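Here is how the chains run, residue by residue.
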Amino acid sequence: MTVAETINDPQVTQAGITTTTDGRWAVYVTVPADATVPIESVEKQALGFPVVYEAELPTPVRAGPAYPGRRGGQGRGAR
């Protein structure tokens, strides 16, 4: 977590941690969709951890009700 918290680059909008498909810890960064990756400064700051890049979505994700077909959008047992 400490490495991810210190990632600093103008193209990085969000940083955190994740794992690779083989179970190793990795730094996860969100960058603009038009960013060229890998970003050298981010790779250096990752201190040898793999870096997983993901493009920002063009619009924020909208959260909706868990049970949209039910009255009030509430789950089982709601009265």
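Numbers given to residues run from 1 along each chain, matching the order in which its sequence is written. For this predicted model, a pLDDT threshold of at least 70 governs which residues receive local features, and a threshold of 80 or more governs which side-chain atom pairs are given and counted, while totals over whole chains, interfaces and linings are taken from all residues. In computing side-chain values, all of the structure's heavy atoms are included and hydrogens and water are not.

This part takes up the pattern of salt bridges. By definition, a salt bridge exists where a carboxyl oxygen of Asp or Glu is found within 4 Å of a side-chain nitrogen of Lys or Arg. Considering all chains together, one arrives at 2 salt bridges under this definition. Notably, a salt bridge pairs Arg-24 with Asp-22, separated by 3.5 Å at the nearest N-O pair. Buried residues are those whose accessible area, probed at 1.4 Å on protein chains only, stays under 20% of the maximum for their type, while exposed residues exceed 50% and partly exposed ones sit between those limits. Judged by its relative accessible area of 55%, Asp-22 falls in the exposed class. Between Lys-44 and Glu-40 there is a salt bridge whose closest N-O contact spans 3.2 Å. With Lys-44 and Glu-40 both in helix α2 (residues 40-45) and 4 residues apart, the pair spans about one turn of that helix. Considered together, Lys-44 and Glu-40 belong to a single accessibility category, that of exposed residues. Runs of E in the DSSP output that reach at least two residues are strands. Runs of H or I that reach at least four are helices, and both are numbered from the N terminus.

The next subject is a nonpolar patch on the surface. Surface patches are drawn from residues lacking salt bridges whose relative accessible area is over 30%; two like charges belong together within 9 Å, two nonpolar side chains (Val, Leu, Ile, Met, Phe, Trp, Tyr) within 5 Å. All accessible-area figures derive from a Shrake-Rupley calculation using a 1.4 Å probe, and residue coverage is judged against the displayed protein chains alone. There is a patch of nonpolar side chains on the surface, built from Met-1, Ile-17, Trp-25, Leu-47 and Phe-49 and spanning about 570 Å² of accessible area. Structurally, Met-1 can be placed in the segment before α1 (2-5).

Any two strands are treated as partners once DSSP identifies two or more bridges connecting them. Strand direction decides the pairing type here: strand β1 (residues 14-19) and strand β2 (residues 25-31), joined by 6 bridges, are antiparallel. When the bridges of β2 are listed, Ile-17 appears paired with Val-27. Following β1, the chain reverses through 5 residues before pairing antiparallel with β2; Gly-23 in that reversal takes a positive phi of roughly 90°.

Attention shifts here to the sheet that holds β1. Spatially, 3 strands are ordered β1-β2-β3 in an open sheet, and the strand pairing comes out mixed. Looking at which strands have only one partner, the edges of the open sheet turn out to be β1 and β3 (51-55). Neighbour-to-neighbour, the strand axes of this sheet turn through a mean angle of 30°, independent of strand direction. Here an axis means a line fitted to C-alpha atoms, over the contact stretch when the element is a helix, while the angle between two N-to-C directions is reported on a 0 to 180 degree scale.

The pLDDT value expresses, per residue, how confident the predictor is, ranging between 0 and 100. For the protein chain, per-residue confidence averages 89 on the pLDDT scale, and residues scoring 70 or more make up 89% of the total. Ranking the elements of the protein chain by mean pLDDT puts α1 last with 94 and α2 first with 98.

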